[in-house]
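Each chain, written out:
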Amino acid sequence: MSVADLSGRIPNNVNLKDDKRLLRALESWQPKYIDWWMEMGPDGFQADQIYLRTAISVDRDGWAQFGHVKMPEYRWGIFLADREDGRKIPCGDHYGKDAWQDVPGEHRNALRRMIVTQGDTEPASVEQQRRLGQTAPSLYDLRNLFQVNVEEGRHLWAMVYLLHSYFGRDGREEAEDLLVRRSGNADKPRILTTFNDPCEDWLSFFMFTTFTDRDGKFQLHALAESGFDPLSRTCRFMLTEESHHMFVGETGIQRVVKRCAEVMNKVGPEPDRVRAEGAIDLPTIQKYLNMWYTSSLDLFGGEKSSNAASYFAEGLKGRFMESKYDDHVCVDGHYDMTVVQDDRLVQEQIPLRIAMNEILRDGYVSDCENTVERWNKVLEREGREERLYLPNRRFNRRVGEYANIRFDPQGNLISEHEWTSKRDQWLPTTADFAYVKSLMHPVVEPGKIASWIAPPQKGINNQPFEFEYVRK
Amino acid sequence: MAETAAKLPEIRFGRRPESYVHWKLEFQGDVARLRMAVQEDRGLNPDTVLKLNSYDLGVDLELADAVQRIRFEHPEVRCLVVTSVTPRIFCAGANIPMLASSGHAFKVNFCKFTNETRLYLEDLSAASGVRTLCAVNGTASGGGYELALACDWIMLPEDGNTAVSFPEVPLLGVLPGTGGLTRLVDKRKVRRDLADVFSSLAEGVKGRRAVEWRLVDEVVPSSQFQAAVERRARILADESAQATPLRAAPGVPLPDLACERDDARDDGGATTFRWAHVTMKVLRGERRAEIEVRAPESVPSSLDEIRAQAAGWWALRCFRELDEALLQLRFNFLDVGLVLVRTKGEAAQVIATDELLQEHAGDWFVGEVRHQIRRVLKRLDVTARSLFAVIEPGSCFAGTLFELVLASDRTYMLDHPDEANHVQLSEMNGGAYPMANGLSRLDTHFLGEPEKAREALSVNEPVDAATAMKMGLVTFAPDDIDWEDELRLAVEERSSLSPDALTGMEANLRFAGPETMETKIFGRLSAWQNWIFQRPNAVGERGALTSYGKPQRPEFDWRRT
Ligand SMILES: [Fe+2]
Ligand SMILES: [Fe+2]
């Protein structure tokens, strides 16, 4: 087991104090990171005491130390999952050979690209969420937001550690650029479109942490199967944090749905009457779901991808739970993909490696189905007939085979005319956004909660809901 | 692998802006905008999908046409902005699946044409004073960046993403062969070590570093990009107006070239193209083509008359027709190896035309016609077919048309005792039509005997076969008894030699004299590219080009040659 060093400025289990070169590089990056955090991190809460979890080691209880801290003083550390002796490259043409402990020269650029793309999403989401603190529905939710934010910050540290340790000058420059790009800024946008979309209300935040962080989960799983061992170990530890982010999102929506169901039981299902009670009506929840889910689907990239094929072939990125597959080389197999040809949907056989993005997306889709199932359980328990659903993966896409072609949420090809006439039933309208925004008022009294969301079943770290999760 | 040209419906060459598929050409005062908008599913080969603004020959034919229209139809234009309509994507270069599935001969001819088009873009600036600005408004990789390199000024948005790149070597195992490598170090004078790094880095270079490395001229924040492009276009247009104040409206419309085509079945498989001043007969069975260029029947008497004739003026029309004949040969008749070039008509009319070309060189339209003739002659120079000029009584190899003799690999002139047979030089042979090496064909012809070039230019009258032979202007001058046999034997012998060896031999012999960026592009870069295109490391079963987009990884034969 690796030994955690908590004495230095940067808590870590990578023996930083003995690697002077790396220590110097990270220590010179740290102040720039703090500057970024002060400028782009949670707006208005930097001086408050937040009840946060801090990772101090990678064993079971080490990464869950709780206490009140000021966010800028949060101890962002570098933790990698423990090294597995004799780990082999899990997939591709080098399958079964020793995993790389250093970056192979021929894969340097591709790996750097992958790490930068992943790393860019971490600060991006902090930027997208930076104003949400001002309208949190409860102190409990406020704390959860900040927990997610500081951990995204730590994920950035994890990627920067890889860039600094293994990619030389280029890596250091990329690490700086990660602090220069800004979500939604046309002049220096974040790399992926979804991470430039505004996330301005809490319904969006919960959808984002449900669907977009879940993309993160799948990407991290795929990178955890990398033949480049330091990347694999970094991502395995990040996954432990990612699951909390999805918990925040999924239970958040659960509570919104619960509140909606309670109100429907009282006044009936008509959206206007639900809204009159200060809750969010189910059609609006569905539309938000449609928007964030489809935008997150885009993050997996094109359905047919020669980049994905070469990443897999080179052993840089595997599949979700690679070890559960029988064939780890995938030279011969095919994948049956639905594609559009001459305005019809037809099946096409795609070489397996070319379909790697889609295979990863398959896992994601079924994970999301389970989530929606759990939300529907809430409706069921409340005695409601209404149900939420996951739209077809072809619906509303901006990337890949289905981009710029019109589909309904069931995945049927439709005309532009039909799209225009039904779009507002499927995706949030300006009026929907405005309504949701009108509900966004801060509730800062311990134990109190906003009208549009039910309280959680239990608090954080066995604390009650009334606990003062955020102190002035 | 089957030759693409054989699989495809025959390629047609005429294009008109109204029916461009892949580009939008717009004019606003003295600035023209040419915006790429490649229609994925409208490639020449219906099976290729032209993703991400990647191009095939059809896309490039429109580009070449647009440049030509600006020269002749829009003399008011002083700056051309080349950009794309697709957000975040400028151009991904030549379409890879199209290249991978094309036969070698087609691939080489495709690249040659795209090379010529990029040079024409540079010529638009150098010869016609239309400054060119490339607004690289998204990813520009491979041929996309090479297109930018052909412009005077390259602008890139600084958004942390948009890069210029040459992924050919690292991803495809081939070269950026459309002048890219040459223009990096020769034109933009990028340091060779940095060019080495850039050309092996698939993701390319962006932002400030792209300027520092001289890869682009200017980076601008995205939000100010459009405005900055407009400003820069204004500056370039004003600069051009000061430097070349002569081009002025109205323009000269370029109508389609009428051509009668005849596919005779009983003539050994001959296909004949008949334009107004040029006829090309392709004898498919004999792998030979015969081109006849005819002198004008009458010559305008003044500049006004020239302008009234416009695109119908012989000097322009004849060479537009010859240009199309060459493209026909290159793309639709890949196995024709020998071209016999003949002329017919009154030499005096050609000489009279030359006098007009000389006298009114200061007029923008006449100037453009001279440039057009120069470019067509260069296209002839780099056409990889054996060229024999055949000079018989009734021919008119005079002045501008004598360039056809000088462009040929050999010349046969009939020394007839009874019938007059002459060639004649004019001032136009003295440098009006420089070759890619920067010299006139005459100077290149007499590279070791410059006094003979001077002598030839000083003779202002027709020269008979014996004299031409003595002056070194022709290769052979058989008499009427030997003529038919000599010619037949020469043709038969030439047709029996290895086409590859001949291509190599001719390309090496045609361009004596100094190197220029252009000779390097056609001689060195293209030759290496064409070699790599043939090698198993690129196109073998596990070659890099073959493997691109497929699940397998390339495997190389590691031996360096
Ligand atoms: Fe993250
Ligand atoms: Fe996350």
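Residues numbered from 1 in each chain as written. Chains lettered and ligands numbered in written order. Predicted model: local features only at pLDDT ≥ 70, side-chain atom pairs only at ≥ 80, totals over all residues. Heavy atoms only, no water.

**A look at the coordination of the iron ion (ligand 1)**
No. 1: Coordination of the iron ion (ligand 1) by the protein is provided by A:E122 (OE), A:E152 (OE) and A:H155 (ND1), with metal-donor distances spanning 2.1 to 2.2 Å.
No. 2: One chain supplies every donor to the iron ion (ligand 1), and in sequence these donors are spaced E-x29-E-x2-H. (Donors = N, O, S within 2.8 Å, 3.2 Å for Na, K, Ca; no water.)

**Overview of the coordination of the iron ion (ligand 2)**
All names here are of chain A.
No. 1: At 1.9 to 2.2 Å from the iron ion (ligand 2) lie its protein donor atoms, namely E152 (OE), D213 (OD), E242 (OE) and H245 (ND1).
No. 2: Counting gaps between the donor residues of the iron ion (ligand 2) yields the pattern E-x60-D-x28-E-x2-H.
No. 3: The distance between the iron ion (ligand 2) and the iron ion (ligand 1) comes to 3.3 Å, and E152 binds to both of them. In this pair, E152 is assigned in helix α3 (residues 139–166) and D213 in helix α5 (residues 202–224), connecting sequence segments 61 residues apart. Of the two residues examined, E152 and D213, each falls in the buried class. (Helix = DSSP H or I, 4+ residues; strand = E, 2+ residues; numbered from the N terminus. Buried < 20%, exposed > 50% of the residue type's maximum accessible area, 1.4 Å probe, protein only.)

**A look at the packing of aromatic side chains**
No. 1: Taken as a whole and assessed by the stated rule, the structure comprises 54 aromatic pairs over all chains.
No. 2: Where A:Y288 meets A:F433, the ring centres are 5.6 Å apart and the plane angle is 65°; that geometry is what we call edge-to-face. Of this pair, A:Y288 sits in helix α8 (residues 282–298) while A:F433 is found in helix α12 (residues 430–439), placing the two residues 145 residues apart along the sequence.
No. 3: Of the residues examined, A:Y288 reaches a relative accessible area of 0% and is grouped as buried.
No. 4: The rings of A:W29, A:Y33, A:W36, A:W37, A:Y74, A:W76 and A:W157 are connected pair by pair, giving a single aromatic cluster.
No. 5: If you follow B:K107 out to its NZ or CZ, it ends over the ring of B:F533, 4.8 Å from the centre. (Phe/Tyr/Trp six-rings, centres within 6.5 Å; stacked < 30°, edge-to-face > 60°. Lys NZ or Arg CZ within 6 Å of the ring centre and 35° of its normal.)

**Focus on the sheet that holds strand β5 (residues 88–91) of chain B**
Whether parallel or antiparallel, the strands of a sheet pair through hydrogen bonds between backbone atoms.
Residues and elements named next belong to chain B.
No. 1: With mixed pairing, 4 strands are arranged side by side in an open sheet as β5-β8-β10-β11. Every interior strand has two partners, whereas the edge strands, β5 and β11 (205–206), have only one.
No. 2: Pairing of β5 with strand β8 (residues 138–141), which is carried by 3 bridges, proceeds in the parallel orientation. Along β8, the bridge assignment pairs C91 with A140. (Pairing = 2+ DSSP bridges.)

**Quick look at the domain arrangement of chain B**
All names here are of chain B.
No. 1: Domains assigned within chain B are domain 1 (4–242) and domain 2 (260–504).
No. 2: The distance between the C-alpha centroids of domain 1 and domain 2 comes to 33 Å.
No. 3: Listed as interface residues are 20 residues of domain 1 and, on the opposing side, 21 residues of domain 2.
No. 4: Across the interface of domain 1 and domain 2, roughly 2000 Å² is buried in total on both sides, 56% from carbon and sulfur atoms.
No. 5: Considering only the surface of domain 1 that becomes buried against domain 2, E10, F13 and F72 emerge as the three largest contributors, covering 30% of it.
No. 6: Linking domain 1 with domain 2 are 6 salt bridges, by the criterion used here.
No. 7: When the shortest N-O distance is used, the salt bridge between E116 and R379 registers 2.9 Å.
No. 8: Where domain 1 packs against domain 2, one counts 9 residue pairs in polar contact (both at pLDDT 80 or more). (Domains from an automatic or database assignment. Contact = heavy atoms within 4.5 Å. Buried area = accessible area lost by both parts, 1.4 Å probe. Salt bridge = Lys/Arg side-chain N within 4 Å of Asp/Glu carboxyl O. Polar contact = N/O pair within 3.5 Å; in protein donor to acceptor, adjacent residues only side chain to side chain.)

**Section: the pattern of salt bridges**
No. 1: Counted by the stated rule, this structure contains 96 salt bridges over all chains.
No. 2: A salt bridge links A:D170 to A:R108; the shortest N-O distance between them is 3.9 Å. Of the two residues, A:D170 is situated in helix α4 (residues 168–180) and A:R108 in helix α2 (residues 108–128); the sequence distance between them amounts to 62 residues.
No. 3: A relative accessible area of 24% means that A:D170 is categorised as partly exposed.
No. 4: You can call A:R108 partly exposed: its relative accessible area is 29%.
No. 5: Across the pair B:D363 and B:R307 runs a salt bridge, and its minimum N-O distance is 2.8 Å. Highlighted residues: B:D363 in the loop between α13 (347–359) and α14 (364–381) and B:R307 in helix α11 (residues 303–309), separated in sequence by 56 residues.
No. 6: Residue class for B:D363 comes out buried when judged on its relative accessible area of 15%.
No. 7: Among the residues examined, B:R307 registers a relative accessible area of 26% and is labelled partly exposed.
No. 8: When salt bridges with common partners are traced through the structure, they connect A:D197, A:D298, A:E303, A:E358, A:R361, A:D362, A:R393, A:R397 and A:R398 into a single cluster.

**Considering the interface of chain B and chain A**
No. 1: The interface of chain B with chain A comprises 21 residues on the first partner and 25 residues on the second.
No. 2: Together chain B and chain A conceal approximately 1600 Å² of surface at their shared face, both sides included; 40% is due to carbon and sulfur atoms.
No. 3: Summed over the three residues of chain B that lose the most area to chain A, namely B:E203, B:P551 and B:R553, the buried surface amounts to 37% of that side.
No. 4: At the boundary of chain B with chain A, the tally comes to 4 salt bridges.
No. 5: For B:E203, the salt bridge is made with A:R112, and the minimal N-O distance between the two is 2.6 Å.
No. 6: At the junction of chain B with chain A, the criterion picks out 9 residue pairs in polar contact (both at pLDDT 80 or more).
No. 7: The element best represented in the side of chain B that touches chain A is helix α10 (residues 222–243) of chain B, accounting for 3 residues.

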